[in-house]
Amino acid sequence: MIFAAQGLVTLLPLLLVVAAVDPFRERGFSDWLVDGMDLSTKSATPLEELFAGQHQVASATGALGLALLALFGVAFAAEVQAVYEKVWRLGPSTWRKIWRQSTWLVVLSLYLAAEVESGVWLRDGDVEAVERVALLAASGLLFFWWGQRFLLAGRVSWRALLPGTLATLVGLGGLRIFSALVFDPMIVTNAESYGGVGIVLVVETWLIGVGFVFYAGALFGRQFHERRPRAVPSA
């Protein structure tokens with residue numbers, strides 16, 4: 001829930017600005033959410049209408065506003081880093097870790113942008129769908145595997161982090177299916193009953209799911225690593 005709250009308050013405004021300057025997308029941030037939640041056209045419409053005005057505001061955001069949003073985004077990255085350290089039972093690193101948080105935040109924005117753009121170029125046909133799944137799996141593996149290693153300052157081996165990375169990818173795939181089945185109709189219903197507030201509540205609920213996958217995947221990885229049979233040295 002902390003992940004979802006910080007994501008809504010600190011990360012989403014930054015991604016809103018980043019999406020607004022994306023030269024390939026007209027609606028910007030709403031397209032990111034529609035793709036991430038795997039929404040149908042009917043459910044995407046109220047979401048796009050909600051963020052239509054925000055897209056224009058984000059496009060006009062100045063350098064100072066962008067710097068402040070980036071600072072808030074770093075706070076979100078710091079929360080993710082702190083949880084990873086707790087999962088692996090590591091002490092916090094030095095104050096210099098802010099450069100790691102900033103770098104991770106930049107790579108996260110690029111990863112999300114590339115994920116949405118893949119839907120633009122690979123959106124028609126079964127072959128393109130398979131290609132996109134393969135591309136998303138490969139990019140997701142690289143990002144989450146590298147992301148944990150980077151935020152943990154190399155204190156956990158690549159091999160130990162791999163199971164958790166795979167679990168995170170499986171969890172995100174399951175969340176995408178769940179979102180299409182549950183959140184998709186909820187957005188339409190909430191938009192009709194509560195307006196924009198209802199849509200934001202659905203997005204926040206989805207973010208709680210994303211946070212659960214992030215941290216549960218890392219926790220599974222640590223448990224798997226600790227319980228994996230160790231080779232017994234020969235006498």
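Anyway, here's the lowdown on the structure attached to this text. Computed from a predicted structure; not experimentally measured.

### Structural notes on the pattern of salt bridges
Then, number 1: The final tally for this structure, using the stated rule, is three salt bridges.
Then, number 2: Close ionic contact of Arg176 with Asp38 constitutes a salt bridge, the shortest N to O distance being 3.9 Å. Taken together, the positions of Arg176 in helix α8 (residues 158-194) and Asp38 in the loop between α2 (29-37) and α3 (41-50) put the pair 138 residues apart, joining distant regions of the chain.
Then, number 3: The shortest N-O distance in the salt bridge between Glu85 and Arg155 comes to 3.1 Å. In this pair, Glu85 is assigned in helix α5 (residues 63-87) and Arg155 in the loop between α7 (126-151) and α8, connecting sequence segments 70 residues apart.
Then, number 4: For Glu85, a relative accessible area of 4% puts it in the buried group.

### Description of unusual backbone geometry
Then, number 1: The phi torsion at Asp38 lies on the positive side, around 55 degrees, for a residue other than glycine.
Then, number 2: Judged by its relative accessible area of 33%, Asp38 falls in the partly exposed class.
Then, number 3: In this model, Arg89 sits at a positive phi of 55 degrees, which is unusual for a non-glycine residue.
Then, number 4: Secondary-structure assignment places Arg89 in the loop between α5 and α6 (98-121).
Then, number 5: Note on Arg89: relative accessible area 62%, which makes it exposed.

### As for α3
Then, number 1: Three or more residues of α3 are buried, namely Ser43, Ala44, Pro46 and Leu47. All buried residues of α3 project into a common sector of 165 degrees when viewed along the axis, lining one side. The exposed residues of α3 that point more than 90 degrees off its buried face are Thr41, Lys42 and Glu49.

### Considering the packing of aromatic side chains
Then, number 1: With the rule as written, the count across this model stands at 15 aromatic pairs.
Then, number 2: Ring geometry for Phe3 against Tyr215: centres 5.6 Å apart, planes inclined by 90 degrees, an arrangement best described as edge-to-face. Here Phe3 is found in helix α1 (residues 2-20), whereas its partner Tyr215 is found in helix α9 (residues 196-227), with 212 residues between them in sequence.
Then, number 3: Looking at Tyr215, the relative accessible area reads 17%, which means it is buried.
Then, number 4: An aromatic cluster is built from Phe3, Phe76, Trp99, Trp104, Tyr111, Phe143, Phe144, Trp146, Phe150, Phe214 and Tyr215, whose rings are joined through pairwise contacts.
Then, number 5: For the cation-ring pair, Arg100 lies above Phe150, with the distance from its terminal atom to the ring centre recorded as 4.9 Å.

Rules used throughout
- Residues numbered from 1 in each chain as written.
- Predicted model: local features only at pLDDT ≥ 70, side-chain atom pairs only at ≥ 80, totals over all residues.
- Heavy atoms only, no water.
- Salt bridge = Lys/Arg side-chain N within 4 Å of Asp/Glu carboxyl O.
- Helix = DSSP H or I, 4+ residues; strand = E, 2+ residues; numbered from the N terminus.
- Buried < 20%, exposed > 50% of the residue type's maximum accessible area, 1.4 Å probe, protein only.
- Arc of directions from axis to C-beta.
- Phe/Tyr/Trp six-rings, centres within 6.5 Å; stacked < 30°, edge-to-face > 60°.
- Lys NZ or Arg CZ within 6 Å of the ring centre and 35° of its normal.

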